[in-house]
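# Per-entry structural report
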Amino acid sequence: MKRLWRGGRLVSLQGESGWGLIEDGALLTDGARILWVGLSSGLPPEAAGVEVHELGGALVTPGLVDCHTHLVYAGDRCQEFELRLHGASYAEIAQAGGGIRSTVIATRAATEAQLLAAAVPRARALIAEGVTTVEIKSGYGLSAESEARMLRVARSLALQGLEVRTTYLGAHAVPPEFEGRSDDYVDAVCDWLPGLHAEGLVDAVDAFCEHIAFSPAQVMRVFEAARQLGLPVKLHAEQLSDQGGSQLAAAFNALSCDHLEYLSDAGVSALATAGSVAVLLPGAYYALRETRLPPVGALRSAGVPIAIATDHNPGSSPTLSPLLMLNMACVLFRLTPEEALRGMTVNAARALGLTDRGRLAAGQRADFCVWDASHPRELTAYFGRNPLRQRVFEGNA
Ligand code: DI6
Ligand code: FE
């Protein structure tokens with residue numbers, strides 16, 4: 001089924017920089033793909049006689065890609081929010097048995113149906129702000145069976161009209177039954193991977209490299225298990241301290257390294273050489289009242305692609321607003337509005353190893369957003385406002 005969308009202000013993001021604005025632009029879609037993009041005044045012959053949607057001058061961007069979330073879990077951690085307000089740190093709460101571990105207890109106790117019922121409204125909130133592709137990590141099950149359950153629930157969220165990419169984050173925390181035996185737990189994480197992969201549940205493999213989680217040597221073993229199966233890797237790196245995780249991830253040609261507040265110059269160079277994406281997560285920076293900024297200037301000068309994501313999770317980043325993250329990326333991290341939007345479209349797709357989305361161009365997926373805005377910078381300047389008029393997913397409004 002072909003459809004023509006005409007009379008819009010297209011933010012194509014074609015090329016390596018700039019908005020790629022096409023004034024009075026049109027898009028011709030054929031099923032789930034974009035067939036043609038150009039001026040409304042220069043339509044190709046294939047556009048004759050197809051269903052027409054008038055855009056009335058509205059702004060059109062590629063669909064948003066949220067490339068780092070922990071969307072599937074049970075329970076809540078708002079009590080930790082209060083503890084942090086009274087001075088406790090994220091690391092102290094984790095070491096006292098709260099943090100990720102408390103979400104693991106709640107998630108293990110939930111059925112697949114309960115996990116799904118909790119995750120659907122979260123997915124809908126992202127959809128309501130224009131997300132068309134979301135990455136969802138496991139990491140609150142920490143057993144073969146409960147990690148599989150999380151990943152199955154993540155996959156089934158695709159029924160909401162969303163592309164879902166799943167990431168295995170077995171190496172998120174050491175579960176209670178492995179207390180004091182983190183190396184044994186890493187063995188188990190590696191052992192579970194082939195089965196999860198065989199079930200079609202894993203698009204990428206991630207780990208949390210931190211003094212309160214796993215060492216670079218332990219992460220390396222997880223990455224080797226991924227490599228054996230031909231699976232790409234990414235890493236929660238340098239969030240609370242510089243562990244050199246980014247250099248390790250770069251040596252495995254990681255798709256991305258995420259967080260990066262404590263990234264060193266050597267880490268920046270390693271990411272640049274490997275072509276890995278730096279995924280910055282302003283929600284976690286904000287919620288944890290972090291004061292150390294990720295090295296945006298150094299990443300920019302080294303030519304490392306920057307992506308922005310919600311990092312939605314019940315502890316460090318309980319936000320469901322990708323638009324707020326665009327604003328925070330500019331205000332807190334000093335990204336330009338263009339860098340922020342590229343960060344949640346084309347560069348976010350790259351952080352997932354995807355090149356078929358994130359721009360408005362022939363051959364790309366027909367996933368795009370129509371906004372009540374006249375310039376793309378408006379999407380980053382406002383906060384707490386949602387100007388989404390229409391979201392088109394796989395060519396369907
Ligand atoms: N860093 C984060 O910000 C999330 N995971 C991670 O490794 C937080 C996960 C949580 O606190 O539940
Ligand atoms: Fe995370």
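Residues numbered from 1 in each chain as written. Chains lettered and ligands numbered in written order. Predicted model: local features only at pLDDT ≥ 70, side-chain atom pairs only at ≥ 80, totals over all residues. Heavy atoms only, no water.

## Considerations on the packing of aromatic side chains
Applying the stated criterion to the full structure yields seven aromatic pairs. The aromatic ring of Tyr-73 is capped on one face by Arg-122, whose charged end is 3.6 Å from the ring centroid. Cation over ring: Arg-385 sits above Tyr-382, and NZ or CZ is 3.5 Å from the ring centre. (Phe/Tyr/Trp six-rings, centres within 6.5 Å; stacked < 30°, edge-to-face > 60°. Lys NZ or Arg CZ within 6 Å of the ring centre and 35° of its normal.)

## With respect to the coordination of the iron ion (ligand 2)
Protein-derived ligands of the iron ion (ligand 2) are His-68 (NE2), His-70 (NE2), His-236 (NE2) and Asp-311 (OD), with the metal-ligand distances lying across 2.1 to 2.4 Å. Classification of the site at the iron ion (ligand 2) as irregular follows from its four donor atoms and the range of 81 to 168° in their angles at the metal. (Donors = N, O, S within 2.8 Å, 3.2 Å for Na, K, Ca; no water. Tetrahedral: all angles 85-135°; square planar, octahedral: opposite > 155°, others 65-115°.)

## Topic: the pairing of strand S5 (residues 59-62)
On a regular strand, each side chain points to the face opposite its neighbour's, so the side chains alternate between the two faces of the sheet. Note: strand S1 (residues 2-11) against S5, two bridges, orientation parallel. Each residue of the ladder has a partner; that of Arg-9, found in S5, is Leu-59. Judged from the four bridges that link them, S5 and strand S14 (residues 368-371) form a sheet pairing that is antiparallel. Bridge assignment links Leu-59 to a residue of S14, and that residue is Trp-371. (Pairing = 2+ DSSP bridges. Helix = DSSP H or I, 4+ residues; strand = E, 2+ residues; numbered from the N terminus.)

## A look at the environment of Gly-15
Counting through the fold element by element, Gly-15 comes out in the loop between S1 and strand S2 (21-30). Under the relative-accessibility criterion, Gly-15 is labelled partly exposed at 39%. In this structure, Gly-15 is in contact with Arg-342 and Arg-359, ignoring residues within four places of it in sequence. (Buried < 20%, exposed > 50% of the residue type's maximum accessible area, 1.4 Å probe, protein only. Contact = heavy atoms within 4.5 Å.)

## Remarks on unusual backbone geometry
Phi is positive for His-259, close to 90°, though the residue is something other than glycine. In this fold, His-259 is placed in strand S11 (residues 256-259). For His-259, a relative accessible area of 1% corresponds to the buried category. Residues other than glycine seldom take positive phi values, yet Glu-394 does so here, at roughly 50°. Relative to the assigned elements, Glu-394 resides in the segment after strand S15 (388-392).

## Regarding the sheet that holds strand S10 (residues 234-237)
Pairing is parallel across the open sheet formed by four strands, whose spatial order is S10-S11-S12-S13. Two strands lie at the open edges of the sheet, namely S10 and strand S13 (306-308), each paired on one side alone. Adjacent strand axes in the sheet meet at a mean angle of 25° when their direction is disregarded. Of the strand pairs in this sheet, S10 and S11 are connected by four bridges, and their pairing is parallel. When the bridges of S11 are listed, Lys-234 appears paired with Ser-256. (Axes fitted to C-alpha atoms, helices over the stretch in contact; angles between N-to-C directions.)

## Looking at the packing of helix H4 (residues 112-128) against helix H5 (residues 144-156)
At a minimum axis separation of 10 Å, H4 and H5 run at an interaxial angle of 45°. Of the possible angle classes, the one that applies to H4 and H5 is oblique. Between H4 and H5 lies a crossing whose hand is right-handed. Residues Glu-112, Leu-115 and Leu-116 of H4 form the contact with H5, whose own contacting residues are Arg-149, Arg-152, Val-153 and Ser-156. In terms of residue class, the contact of H4 with H5 is made up of three nonpolar, one polar and three charged. (Parallel < 35°, antiparallel > 145°, perpendicular 65-115°, else oblique. Left-handed = near helix turned anticlockwise from the far one by under 90°. Nonpolar A, V, L, I, M, F, W, Y, C, P; charged D, E, K, R; others polar.)

## Quick notes on the pattern of salt bridges
When the charged atoms of two side chains with opposite charge come close together, those side chains can pair. Taken as a whole and assessed by the stated rule, the structure comprises 25 salt bridges. Asp-372 is the partner of Arg-389 in a salt bridge, and the nearest nitrogen-oxygen pair spans 2.7 Å. Of the two residues, Arg-389 sits in strand S15 while Asp-372 sits in the loop between S14 and helix H15 (378-381), which places them 17 residues apart along the sequence. Judged by its relative accessible area of 44%, Arg-389 falls in the partly exposed class. The network of salt bridges with common partners includes Arg-33, Glu-163, Asp-356, Arg-357, Arg-365, Asp-367 and Glu-394. (Salt bridge = Lys/Arg side-chain N within 4 Å of Asp/Glu carboxyl O.)

## Comments concerning the packing of helix H6 (residues 182-198) against helix H7 (residues 216-228)
H7 packs onto H6 with a crossing angle of 15° between their chain directions and a minimal axis gap of 9 Å. The angle between H6 and H7 places the two elements in the roughly parallel class. Here H6 and H7 pass one another in a crossing that is right-handed. Across the interface between the two elements, Ser-182, Asp-183, Val-186, Asp-187, Val-189, Cys-190 and Leu-193 from H6 touch Gln-218, Arg-221, Val-222, Ala-225 and Ala-226 from H7.

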